[in-house]
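Summary of structural features
One letter stands for each residue in the lines below.
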Amino acid sequence: MSVTSLPASIDETQALLERAGYVSDRALSTVLFLSLKLGRPLFLEGEAGVGKTEIAKVLSRALGRKLIRLQCYEGLDIASAVYEWNYAGQMMAIRLAEAGGTVDRDALESDLFSERYLVRRPLLEALQQQEGGPPILLIDELDRTDEAFEAFLLEILSDFQVTVPEFGTIRAEAPPIVIVTSNRTREIHDALKRRCLYHWVGYPDAGRELAILSRRVPGANERLAREVVGFVQAIREKELFKAPGVAETLDWAQALVELDAVALDPALVGDTLGVLLKYQDDIARMAGSETKKVLDGVRAELTMG
Ligand SMILES: Nc1ncnc2c1ncn2[C@@H]1O[C@H](COP(=O)(O)OP(=O)(O)O)[C@@H](O)[C@H]1O
Ligand SMILES: [Mg+2]
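Residues numbered from 1 in each chain as written. Chains lettered and ligands numbered in written order. Predicted model: local features only at pLDDT ≥ 70, side-chain atom pairs only at ≥ 80, totals over all residues. Heavy atoms only, no water.

Let's talk about the pattern of salt bridges
- Counted according to the given criterion, the structure contains 22 salt bridges.
- The shortest N-O distance in the salt bridge between glutamate 45 and arginine 184 comes to 3.9 Å. Of this pair, glutamate 45 sits in strand E1 (residues 42-45) while arginine 184 sits in the loop between strand E8 (177-182) and helix H9 (190-195), and the two are 139 residues apart along the sequence.
- Its relative accessible area of 1% is what places glutamate 45 among the buried residues.
- We classify arginine 184 as partly exposed; its relative accessible area is 43%.
- Residues joined by salt bridges that share partners form a network here, namely Glu45, Arg184, Glu187 and Lys193. (Salt bridge = Lys/Arg side-chain N within 4 Å of Asp/Glu carboxyl O. Helix = DSSP H or I, 4+ residues; strand = E, 2+ residues; numbered from the N terminus. Buried < 20%, exposed > 50% of the residue type's maximum accessible area, 1.4 Å probe, protein only.)

What to know about the site of ligand 1
- By nearness alone, 17 residues border ligand 1, and Gly49, Lys52, Thr53, Glu54 and Arg216 come closest of all.
- Within the side chain of lysine 52, one N or O atom sits 2.7 Å away from an oxygen atom of ligand 1.
- In this structure, an oxygen atom belonging to ligand 1 sits 2.8 Å away from a side-chain N or O atom of threonine 53.
- The protein chains hide 85% of the 560 Å² of surface that ligand 1 would expose on its own.
- Contributions of two or more residues to the shell around ligand 1 are made by helix H3 (52-63), helix H10 (206-216) and helix H12 (246-258).
- Looking at the shell around ligand 1 residue by residue, the class counts come to eight nonpolar, four polar and five charged. (Near = heavy atom within 4 Å. Polar contact = N/O pair within 3.5 Å; in protein donor to acceptor, adjacent residues only side chain to side chain. Areas by Shrake-Rupley, 256 points an atom, 1.4 Å probe, with all protein chains shown as cover. Nonpolar A, V, L, I, M, F, W, Y, C, P; charged D, E, K, R; others polar.)

Side note on the UniProt feature "domain: AAA+ ATPase" (unreviewed entry) in the protein chain
- Following the UniProt record, the feature "domain: AAA+ ATPase" (unreviewed entry) maps to residues 38-205 here.
- From the first C-alpha to the last, residues 38-205 spans 29 Å; its make-up is 36% helix and 23% strand. (UniProt positions renumbered as here; feature names shortened; annotations may be inferred.)

A closer look at unusual backbone geometry
- For arginine 184, which is not glycine, the phi dihedral falls at a positive 60°.
- Of note in this structure, aspartate 260 is not a glycine but carries a positive phi near 60°.
- Counting through the fold element by element, aspartate 260 comes out in the loop between H12 and helix H13 (266-276).

Looking at the nonpolar core
- Leu123 and Ile139 are the most contacted members of the largest nonpolar core, which has 37 residues in total.
- Broken down by secondary-structure element, the contributors of at least two residues to this core are strand E2 (67-71), strand E3 (83-85), helix H6 (105-112), helix H7 (122-125), strand E5 (136-140), helix H8 (147-159), strand E6 (161-164) and E8.
- The biggest single contributor to this core is H8, with six residues.
- Of the residues that make up this core, three or more belong to each of domain 1 (10-76 + 121-200) and domain 2 (83-116). (Core = buried A, V, L, I, M, F, W, Y, C linked by side-chain atoms within 4.5 Å. Domains from an automatic or database assignment.)

Right, here's the structure in full:
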């Protein structure tokens, strides 16, 4: 991993992302630049599959920094997020000490609660100095955890330190670059948002989605790419249970390329809708004449524009 210094402007931020394969827009580049510059965590909220997680991954690659990811889930606790003691190792050390005869209790205890048996989980690991500079700490899908964990996180994001009762306080020499994401299945508390810079990651407009598709699925020809993007953009306007994200656009385009498609037709769309839509009600809604109608609309717009 080669190490790159932080971008010095919004344009540089955008170019940095672009080189690493991420097609950003001005608003996102601006907030990311500021978050790096001010050393403030970046809170990204948006529907699933719009490129929130990808930003952290791309940034890690582009800056040559280690990516430390904390995937949140219901019931996530400190032992999985911050640290735990290696009990099995500690037990073994006690047995060995006992077997060896003379046990110096104090020495044994301080050995048992030393670095040696401390298992570092993502949040603690992120406080450690890493090769290439402070790491990127991705706290992904925070909305899946409970409020107790959120409160705890708030504390860490305030002082970038963790106290392990048996061991002492571990403080980051330089704070990590923090990116928090949420799919907004619930609201995140104001207190946590206040620590961060906020950005809503929306669906890209047609121009940007086409640019993303060209970067990520270079095998798709121009016509197919335009039709795919036009179709996806059109059905996002429909009241679907789950509108397709960028991830689905890319999957669909890739699938069509695998089928040697050079353009869309109603039958082809009907046969491949399951790549784009993941709920039977949505598929049923788009099947048949509805697909033809949308497709005709897309064609008309493309020939006009
Ligand atoms: N602006 C973008 N530029 C390049 N690829 C993107 C962009 N937005 C989304 N993607 C692609 O879409 C997919 C889903 O993105 P992801 O970050 O996992 O979504 P989210 O975390 O918002 O659910 C990834 O494979 C990523 O490559
Ligand atoms: Mg994600």
